[in-house]
Amino acid sequence: MTQNSLLNAWIEEIQSLCTPDNIVIWDGKKTSYDALVNDCVESKKAIRLNERLRPNSILFRSHPSDVARVEKRTFISTTLEKDAGPTNNWIPPKKLKPIMTKLLKNCMTGRTMYVIPFSMGPTGHQFSKLGVEITDSPYVVLNMHIMTRTGLDVLEYINKTEDFVKCLHSVGYPLKKGQVDPAWPCAPMEEKYISHFPEENMIWSYGSGYGGNALLGKKCFALRIASNQAKNEGWLAEHMLILKLTDPKGEVKYITGAFPSACGKTNLAMINPSLPGWIAETCGDDIAWLRIKNDGRLYAINPESGFFGVTSGTSQKSNPVALATVKSDTIFTNAALTDDQDVWWEDLTDEVPDHLIDWHGNDWYKGKTDFRPDHANARFTSPLTNCPILAKEYEEPVPISAILFGGRRPTTIPLITQSFNFLHGIFIGSIMGSQVTAATLDEKIGKVRRDPFAMLPFIGYNIGDYVNHWVDMYKKSSNDLLPKIFFVNWFRKDENNKYMWPGFGENSRILKWVIERTKNYANHKITPIGYVPDINRLDLKGLDISRDTLNALFEVNHEEWVDEIKSIEEYYKIYEDHLPAVLKTQLGYTEDRFHM
Ligand code: GTP
Ligand code: SPV
Ligand code: MN
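Residues numbered from 1 in each chain as written. Chains lettered and ligands numbered in written order. Predicted model: local features only at pLDDT ≥ 70, side-chain atom pairs only at ≥ 80, totals over all residues. Heavy atoms only, no water.

Focus: the overall build of the protein chain
Okay, so step 1: Secondary structure assignment for the protein chain yields 16 helices and 31 strands.
Okay, so step 2: Dimensions of the protein chain along its principal axes, counting C-alpha atoms only, are 70 × 55 × 40 Å.
Okay, so step 3: Within the span of the protein chain, comprising 596 residues, buried residues form 63% of the whole.
Okay, so step 4: Accessible area of the protein chain: about 23,200 Å², with a carbon and sulfur share of 50%.
Okay, so step 5: Counting 67 positive and 73 negative side-chain charges, the protein chain places the averaged centre of each group 2 Å from the other. (Helix = DSSP H or I, 4+ residues; strand = E, 2+ residues; numbered from the N terminus. Buried < 20%, exposed > 50% of the residue type's maximum accessible area, 1.4 Å probe, protein only. Areas by Shrake-Rupley, 256 points an atom, 1.4 Å probe, with all protein chains shown as cover. Lys, Arg positive; Asp, Glu negative; His and termini not counted. Charge placed at Lys NZ, Arg CZ, Asp CG, Glu CD.)

Structure follows, in structure tokens:
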């Protein structure tokens, strides 16, 4: 089958367990992609969009129960519970494997089993990692084809090694003879398992076909398994965008940003700066693998080769770059369909079409149907190379000058703060909170939850060890060489529940301040939580914003912060007696600064 006996043995093992009707080794060719798209269209799993308006693009509609990551059904399966830690669902392998083996038995009957060799990171690059995903979902194959480097050239590398991550995926819907396959087969919630076995570099995902549950190169491998590998090998796998910025004088800086799901990474990675003379280019929009090189600096590379982006809120005004990116060769999931066979989503156009087919496949009429026509977590899958501002060095690690941590916080958190130093920055990462978005199914949307480092659902091991690993990274270098760490909040609201900051392209004004701070410009004020901009030194030319709003955006309110600190103390109890020393110390300093 392949020239790797270990891989062959695994394929045979899965074949006899899952009993598919046939096996396809994915060769990554464009002709294979086009043929599989045709199959999906002919079998009514996908809809081909208007070739003139949206060339080579299709729309999938998922089952209404299968629309986002399922955190409650996501497991870190380690021998010892302490290795998964307090933030992960834990079942030991000896318990989980029998449960899942039962489900997996004959689960691919009536289906084709695809074997996808893939590389996270450029094929053959020293920082890249190899994987093989076995799946019975053509949707997954098409998406993995865009999101990762796949095909026979990758298989050549895999043929020469035993070091690849085994990723097994099934939609969990075997077909009896003659049974008609639904457009989006999946298993009921209580049968879904998104399981990680970090001790074996292995993933078993059963019952969901959607996004991070099923495209196993993404969250499962490039974050959960990779964060584990990174801890053992001395690097970081983070939920971060990577952005290249060139100032009007031509000076280039790279920054990363870690914001929770649906909190603005893709949009910042594609920013269209409102400040004249500034140029932004995209390196990555969701995941960064970071290493300290011999020069003591932290370098980041994007392990993915595509965007799996939120459609909602994407418009010519908010994100023209994303609209250009999805112009062709794109897979849409759960967008609405227009009368001329194109896609539509909330905010795409000011004028809402009179008639649409909603993401359930039903007629939708403006003003008559009282739910939205697209799903809040509808997504586009497009190759990185579609992005008109893709940085030429997107396949190389780039030196990072600043890390932004951020989230959706309607109150308390200023528009931007700079940490006093790297260790204080680690504290800032640990206390991040954000309103839950539609990117996860499990919790109440809108409720603020702590999401440390935007990694709460993605740390593949014990969070206490994770924080200490950040400190180990710090110890490998020095405060002056490492990136400066910032805390951003584009989402602070006024008393009328309206965003106070315009966001999107206007965020370039804040990025300019960030870059200036990395060069130690004295354009800041000191507060108990870090440095905030001196409003008089912010570049606000051409922006219509009142002094009062600005003061409110940067306010560090004593009472709110006393409450926040109490809530952090409470939250830190999850660590039990493993609270990392750095957090204890930094919390103490913060309390002192508030005279608590
Ligand atoms: P994941 O792919 O789930 O990790 O999300 P993400 O972090 O890449 O978030 P994305 O950029 O897709 O943005 C999510 C939502 O936030 C979209 O509806 C955006 O329109 C909105 N958004 C992004 N940036 C801003 C901003 O600066 N201000 C405001 N008000 N909304 C924003
Ligand atoms: C996220 O939820 O952070 C995403 C979407 O990027 S998914 O790939 O489904 O996890
Ligand atoms: Mn994400």
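Here the narrative resumes.
Some remarks on the pattern of salt bridges
Okay, so step 1: Inspection of the entire model under this criterion finds 32 salt bridges.
Okay, so step 2: The partner of Lys218 in a salt bridge is Glu304, and the shortest N-O contact between them spans 3.0 Å. Of this pair, Lys218 sits in helix α8 (residues 217-233) while Glu304 is found in the loop between β17 (298-301) and β18 (306-310), placing the two residues 86 residues apart along the sequence.
Okay, so step 3: Glu304 gets classed as buried once you look at its relative accessible area, which sits at 1%.
Okay, so step 4: Put simply, Glu570 and Lys573 hold a salt bridge, and the shortest N to O gap is 3.0 Å.
Okay, so step 5: On the accessibility criterion, Glu570 (49% relative accessible area) is partly exposed.
Okay, so step 6: Connected via shared salt-bridge partners are Lys218, Lys219, Lys265, Asp286 and Glu304. (Salt bridge = Lys/Arg side-chain N within 4 Å of Asp/Glu carboxyl O.)

Overview of empty space enclosed by the protein
Okay, so step 1: Evaluated as defined, the whole model comprises six cavities of 30 Å³ or more.
Okay, so step 2: Around the largest cavity sit 14 residues that line it, and Ser137, Pro138, Tyr139, Ala183 and Pro185 are the ones nearest its centre.
Okay, so step 3: Partitioned by chemical class, the residues of the lining of the largest cavity number eight nonpolar, two polar and four charged.
Okay, so step 4: Each pocket or cavity is described by its volume, and for the second largest cavity that value is around 90 Å³.
Okay, so step 5: Looking at the second largest cavity, the residues that line it are Arg69, Glu71, Pro260, Ser261, Ser434, Gln435, Val436, Thr437, Thr440, Arg449, Asp451 and Pro457.
Okay, so step 6: Its residues assigned to classes, the lining of the second largest cavity comprises three nonpolar, five polar and four charged. (1 Å grid on protein atoms, 1.4 Å probe; cavity = no way out; pocket = protein on both sides within 12 Å on 5 of 7 lines; lining within 4 Å. Points joined across faces, edges and corners; volume = space filled by probe spheres on them. Nonpolar A, V, L, I, M, F, W, Y, C, P; charged D, E, K, R; others polar.)

Remarks on the domain arrangement of the protein chain
Okay, so step 1: The assigned domain composition of the protein chain is domain 1 (5-45 + 69-234), domain 2 (238-305 + 391-593) and domain 3 (307-386).
Okay, so step 2: Computed over C-alpha atoms only, the centres of domain 1 and domain 3 are separated by 28 Å.
Okay, so step 3: At the junction of the two partners, domain 1 supplies 10 residues and domain 3 supplies 12 residues.
Okay, so step 4: Of the roughly 850 Å² buried between domain 1 and domain 3, counting both surfaces, carbon and sulfur atoms make up 67%.
Okay, so step 5: Considering only the side of domain 1, the residues that lose the most area to domain 3 are Ile146, Met147 and Tyr210, jointly responsible for 56% of the buried surface there.
Okay, so step 6: Joining domain 1 to domain 3, the criterion identifies zero salt bridges.
Okay, so step 7: Remark: the boundary between domain 1 and domain 3 carries three residue pairs in polar contact (both at pLDDT 80 or more).
Okay, so step 8: No other element matches helix α5 (residues 138-147), which puts five residues into the side of domain 1 that touches domain 3. (Domains from an automatic or database assignment. Contact = heavy atoms within 4.5 Å. Buried area = accessible area lost by both parts, 1.4 Å probe. Polar contact = N/O pair within 3.5 Å; in protein donor to acceptor, adjacent residues only side chain to side chain.)

A short note on unusual backbone geometry
A negative phi angle characterises most non-glycine residues, just as the trans form characterises most peptide bonds.
Okay, so step 1: For Phe453, which is not glycine, the phi dihedral falls at a positive 60 degrees.
Okay, so step 2: In this structure Phe453 comes out as buried when scored by relative accessible area, which is 1%.

A few points about the nonpolar core
Okay, so step 1: Among the nonpolar cores identified, the biggest contains 93 residues, and Phe60, Leu142, Trp289, Phe405, Trp470 and Tyr572 are the most heavily contacted of them.
Okay, so step 2: A domain split of this core shows at least three residues from each of domain 1 (5-45 + 69-234) and domain 2 (238-305 + 391-593).
Okay, so step 3: Among all residues touching Leu142, those that are not within four sequence positions of it are Tyr33, Leu36, Val37, Cys40, Ile58, Phe60 and Ile331.
Okay, so step 4: The next biggest cluster of nonpolar side chains, apart from the first, holds 35 residues, and it includes Ala280, Ala402, Trp513 and Leu543. (Core = buried A, V, L, I, M, F, W, Y, C linked by side-chain atoms within 4.5 Å.)

A look at the site of ligand 2
Okay, so step 1: Within the structure, ligand 2 sits among Arg69, Gly211, Gly212, Lys218, Lys219, His239, Ser261, Asp286, Phe308, Arg379, Ala439 and Phe458.
Okay, so step 2: His239 has a polar side-chain atom sitting 3.2 Å from an oxygen atom of ligand 2.
Okay, so step 3: Here ligand 2 has 290 Å² of accessible area as a free molecule, and 98% of this is covered by the chains.
Okay, so step 4: Here the shell around ligand 2 is built from residues that sort into three nonpolar, four polar and five charged. (Near = heavy atom within 4 Å.)

Overview of the coordination of the manganese ion (ligand 3)
Okay, so step 1: The coordination sphere of the manganese ion (ligand 3), as far as protein atoms go, consists of Lys219 (NZ), His239 (NE2) and Asp286 (OD), spread over 2.1 to 2.5 Å.
Okay, so step 2: Of note is the manganese ion (ligand 3), whose six donor atoms meet at the metal with angles of 63 to 169 degrees in an arrangement that counts as irregular.
Okay, so step 3: Along the chain, the residues that donate to the manganese ion (ligand 3) are spaced as K-x19-H-x46-D. With His239 in the loop between β12 (236-238) and β13 (241-246) and Asp286 in the loop between β15 (279-284) and β16 (288-292), this pair connects stretches of sequence that are 47 residues apart. (Donors = N, O, S within 2.8 Å, 3.2 Å for Na, K, Ca; no water. Tetrahedral: all angles 85-135°; square planar, octahedral: opposite > 155°, others 65-115°.)

A short note on helix α13 (residues 507-518)
Okay, so step 1: The first and last C-alpha atoms of α13 sit 17 Å apart over 12 residues, in line with the 16 Å expected at 1.5 Å per residue.
Okay, so step 2: Along α13, the residues that are buried comprise Asn507, Ser508, Arg509, Ile510, Leu511, Lys512, Trp513, Val514, Ile515, Glu516, Arg517 and Thr518.
Okay, so step 3: Asn520 lies just past α13 and shows a positive phi near 60 degrees. (Expected span 1.5 Å × (residues − 1).)

Let's talk about the packing of helix α2 (residues 30-42) against α5
Okay, so step 1: Axis separation between α2 and α5 bottoms out at 10 Å; the angle between their running directions is 145 degrees. When you trace α2 past α5, the crossing you get is left-handed. Here Tyr33, Leu36, Val37 and Cys40 of α2 lie close against α5, whose contacting residues are Pro138, Val141, Leu142, His145 and Ile146. (Axes fitted to C-alpha atoms, helices over the stretch in contact; angles between N-to-C directions. Left-handed = near helix turned anticlockwise from the far one by under 90°.)

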